[in-house]
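Secondary and tertiary structure notes
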Amino acid sequence: MTTNAPPVLILLGPPGAGKGTQARMLEEQFGYVQLSTGDLLRAAVAAGTDAGKAADAVMKAGGLVSDQIVIDILRDRLAEPDCATGVILDGFPRTTVQAKALDALLVESKQRIDSVISLDVDDAAMVTRVAGRYTCASCGEGYHDTFKVPATAGVCDNCGGTDMKRRADDTVEAVGARLEAYHAQTAPLIDYYDGHGVLSRVDAMGQINDVAAALRGLIKSAVPA
Ligand code: ADP
Ligand code: ADP
Ligand code: ZN
């Protein structure tokens, strides 16, 4: 372990917990790169790669894409030069197999996990958050029908774009399956990382800025300046 290796932070939490929202804010604040396997998979689907073709139907149904596909995509992305400033993993790992694969990758790159933060929200809030979510197609900024509306309706605060997108899997049908996958396959990682001594939990039911303040505090104490 080297103390000046690029930091690795992980945001855990169910769909709609606020991982993407918070990761973007932390990216801006600390200069780390947000790595969202959901975004990487959606890009693979849009590009029509073999991985994207295999992932498409699984994602629409709200299931988890195979560990091998996700690990391969993440490994390639982590090797890109911009990750040298540190990364915030958003939506990875989601299974114990992925967590162990990440441990092995980090041994190779002489990095370690500085902090895993679980964003805790109750199931009802998660459904409301996912159902009202939309995103700027130009820059990826996330919004919500009720909880985060742009200053001018339909215009992105961040880039001025007007093309707002809703995700194909943010449907009532898929949300049930995604929640089930979270409880069965991802929630066990809370104990896994607790056992490694790197876990913190944050009540993510609060307002976006309050959750952000809690995360900033945790990260400042977890990552050596
Ligand atoms: P995740 O990446 O965990 O799936 P997002 O960051 O996309 O979650 O957030 C889901 C939706 O909820 C988005 O529409 C976002 O604007 C909104 N949101 C995020 N955090 C909060 C919060 N603390 N309170 C209310 N709404 C939130
Ligand atoms: P959210 O956090 O809002 O559920 P993501 O954008 O992280 O959404 O993920 C969307 C979908 O992409 C998931 O429902 C799943 O099908 C797939 N996916 C993303 N990350 C992973 C992963 N680490 N392992 C398996 N499937 C994944
Ligand atoms: Zn935008």
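Counting of residues starts from 1 at the beginning of each chain's written sequence and follows it residue by residue. Chain letters start at A and ligand numbers start at 1, both assigned in the order the entries are written. The predicted origin of the model limits local features to residues at a pLDDT of at least 70 and limits the giving and counting of side-chain atom pairs to 80 or more, whereas totals for whole chains, interfaces and linings rest on all residues. Excluding hydrogens and water, the side-chain values take into account all heavy atoms of the structure.

1. Topic: the pattern of salt bridges
As a reminder, the rule being used: A pair is scored as a salt bridge if a Lys or Arg side-chain nitrogen falls within 4 Å of a carboxyl oxygen belonging to Asp or Glu. A helix here means a DSSP run of H or I that spans at least four residues, while a strand means a run of E at least two residues long, and both kinds are numbered starting from the N terminus. Buried means the residue's accessible area, taken with a 1.4 Å probe over protein chains only, is under 20% of the maximum for its type, while exposed means over 50%, and partly exposed covers the values in between.
Across all of its chains, the model carries 15 salt bridges by this definition. Arg133 serves as the salt-bridge partner of Asp170, at 2.8 Å between the closest nitrogen and oxygen. Placement of the pair is Asp170 in the loop between strand 7 (164–165) and helix 7 (172–186) and Arg133 in strand 5 (residues 133–136), with a sequence separation of 37 residues. Put simply, Asp170 and Arg178 hold a salt bridge, and the shortest N to O gap is 2.9 Å. Residue Asp170 is classed as buried on the basis of its relative accessible area, which comes to 13%. Linked by salt bridges that have partners in common, Arg133, Arg167, Asp169, Asp170 and Arg178 make up one network.

2. Digging into the nonpolar core
Quick reminder of the rule: By nonpolar core is meant a set of buried Ala, Val, Leu, Ile, Met, Phe, Trp, Tyr and Cys residues that side-chain atoms within 4.5 Å join together.
With 34 residues, the main nonpolar core has Leu89, Leu102, Ile113 and Tyr193 as its most contacted residues. Among the elements of the structure, strand 1 (8–12), strand 2 (33–36), helix 2 (37–47), helix 3 (50–61), helix 4 (67–78), strand 3 (87–90), helix 5 (96–108) and helix 8 (188–195) are those that each provide at least two residues to this core. Broken down by element, the residue count for this core peaks at six residues, all from helix 4. Within the second largest apolar cluster, 20 residues are counted, among which are Leu11, Leu26, Ile117 and Val202.

3. Here we look at the pairing of strand 5
Quick note on the threshold: A pair of strands is labelled paired if DSSP reports no fewer than 2 bridges between them.
Relative to strand 6 (residues 142–144), strand 5 is paired through three bridges, and the arrangement is antiparallel. Within the sheet, the bridge partner assigned to Arg133 lies in strand 6 and is His144. Between strand 5 and strand 6, which pair antiparallel in sequence order, lie five residues; one of them, Gly140, sits at a positive phi of approximately 85°. In this structure, strand 5 lies alongside strand 7, joined through two bridges in antiparallel fashion. Its bridge partner being in strand 7, Cys136 is matched across the sheet by Met164.

4. Looking at the coordination of the zinc ion (ligand 3)
Each donor-metal-donor angle in an ideal tetrahedron of four donors is 109.5 degrees, and each such angle in an ideal octahedron of six donors is either 90 or 180 degrees. Basically, it comes down to this: For Na, K and Ca the donor cutoff is 3.2 Å, while for all other metals N, O and S atoms must lie within 2.8 Å; water is not among the atoms, so some sites may look incomplete. Site shape is set this way: if four donors have all angles between 85 and 135 degrees, tetrahedral; if opposite donors are over 155 degrees apart and all others between 65 and 115, square planar for four donors and octahedral for six; otherwise irregular.
Coordination of the zinc ion (ligand 3) by the protein involves Cys136 (SG), Cys139 (SG), Cys156 (SG) and Cys159 (SG), with metal-donor separations of 2.3 to 2.4 Å. Angles of 101 to 115° at the metal separate the four donor atoms of the zinc ion (ligand 3), which places the site in the tetrahedral class. Within one chain, the residues donating to the zinc ion (ligand 3) are spaced in sequence as C-x2-C-x16-C-x2-C. Of the two residues, Cys136 sits in strand 5 while Cys156 sits in the loop between strand 6 and strand 7, which places them 20 residues apart along the sequence. Accessibility expressed as a relative area gives 2% for Cys136, which makes it buried.

Without other data, these values stay purely geometric and don't point to any function.
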